[in-house]
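# Structural characterization, general
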Amino acid sequence: MTVRNSTHFVANQGTSSGIGCKSQSVLRALRLTILFTVLASAPCLAQDASIAGPVATVSMDHNTFIPGEITVVPGTTVTWVNKEAMPHIVVDLNKGFRSKTLAKDASFSFTFATAGDYDYLCSIHPNMKGKVIVKPVS
Ligand SMILES: [Cu+2]
């Protein structure tokens, strides 16, 4: 009995201010739409940034990065592979990434989330230089 009375009271309040009630429900619907949009797009963004993003490979051979310069889109994972017996260490000049000493067939990967130019070298052979250009598709 008490529950039914209180329900009735709330309903009466709603009808007494009809316009206010309507705009409130529109607001609520908008809020829900925004929430669903955020929820729906979040997993996609996470996938693009890491797992399902594009990939590129740079080889190390004859004390050279091959190709010496690559252009990729943001979110690309670049993998450096050492193809020769000479050890190499991939080091970003701006300290964004750094590999361990890479023996023959060892590899190192880094995902470039942010657009920009990334100059790097081999810290064992400073003349061995490379560049990754991260550029959104225009
Ligand atoms: Cu080297």
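Note: the structure precedes this text.
So, a few notes on the structure that sits alongside this text.

Cut-off values and rules
- Residues numbered from 1 in each chain as written.
- Predicted model: local features only at pLDDT ≥ 70, side-chain atom pairs only at ≥ 80, totals over all residues.
- Helix = DSSP H or I, 4+ residues; strand = E, 2+ residues; numbered from the N terminus.
- Buried ≥ 20, exposed ≤ 12 C-beta atoms within 10 Å, placed from the backbone.
- Contact = placed C-beta atoms within 7 Å.
- Core = buried A, V, L, I, M, F, W, Y, C linked by C-beta atoms within 7 Å.
- Pairing = 2+ DSSP bridges.
- Axes fitted to C-alpha atoms, helices over the stretch in contact; angles between N-to-C directions.

This part is about the environment of Ala 115. Residue position: Ala 115 is located in the loop between strand S6 (107–112) and strand S7 (116–122). When the 12 C-beta atoms within 10 Å are taken as the criterion, Ala 115 is described as exposed. Residues Ala 115 and Gly 75, 40 residues apart in the sequence, show an inter-C-alpha distance of 9.1 Å. Setting aside its immediate chain neighbours within four residues, Ala 115 contacts Pro 74, Val 134, Lys 135 and Pro 136.

Time to look at the nonpolar core. One finds Val 78, Trp 80 and Val 90 to be the most contacted residues of the largest nonpolar core, which totals 14 residues. Counting only elements with at least two residues in this core, the list comes to strand S1 (55–61), strand S4 (76–82), S6 and S7. Counting residues per element, this core draws most heavily on S7, which supplies three residues.

A separate point is the pairing of S1. Pairing analysis gives six bridges linking S1 to S4, with the strands arranged parallel. In the sheet register, Ser 59 faces S4, and the bridge partner there is Val 81. In terms of strand pairing, S1 meets strand S2 (residues 64–66) through three bridges, oriented antiparallel. In the sheet register, Ser 59 faces S2, and the bridge partner there is Ile 66. With antiparallel pairing between neighbouring strands as the criterion, S1 and S2 make up a hairpin whose turn holds two residues, including His 62 at a positive phi of roughly 50°.

Once that is clear, we can look at the sheet that holds S2. An order of S2-S1-S4-S6 is seen for the four strands of this open sheet, with the pairing classed as mixed. Single-partner strands in this sheet number two, and they are S2 and S6. Sheet twist, expressed as the mean angle between neighbouring strand axes with direction ignored, is 20°.

Two modes of strand pairing occur in sheets, parallel and antiparallel, and in both the strands are linked by backbone hydrogen bonds. Strand order in the open sheet formed by four strands is S3-S8-S7-S5, with mixed pairing between adjacent strands. Lying at the two open borders of the sheet, with one neighbouring strand each, are strand S3 (69–72) and strand S5 (90–92). Between one strand axis and the next, the sheet turns through 25° on average, direction left out of account. As judged from the four bridges shared by S3 and strand S8 (residues 129–134), these two strands associate in the parallel manner. From the neighbouring strand, Glu 69 faces S8, where its bridge partner is Lys 131.

As a further point, take unusual backbone geometry. Along the chain, Ile 66 connects to Pro 67 via a cis peptide bond; the corresponding omega equals 0°. Note that Pro 67 resides in the loop between S2 and S3. Its identity is not glycine, yet Asn 63 carries a phi of approximately 55°, on the positive side. Residue placement: Asn 63 occurs in the loop between S1 and S2. With a phi angle near 70°, Asp 105 is a residue other than glycine that sits in the positive phi range. In this structure Asp 105 comes out as exposed when scored by C-beta crowding, with 10 C-beta atoms within 10 Å.

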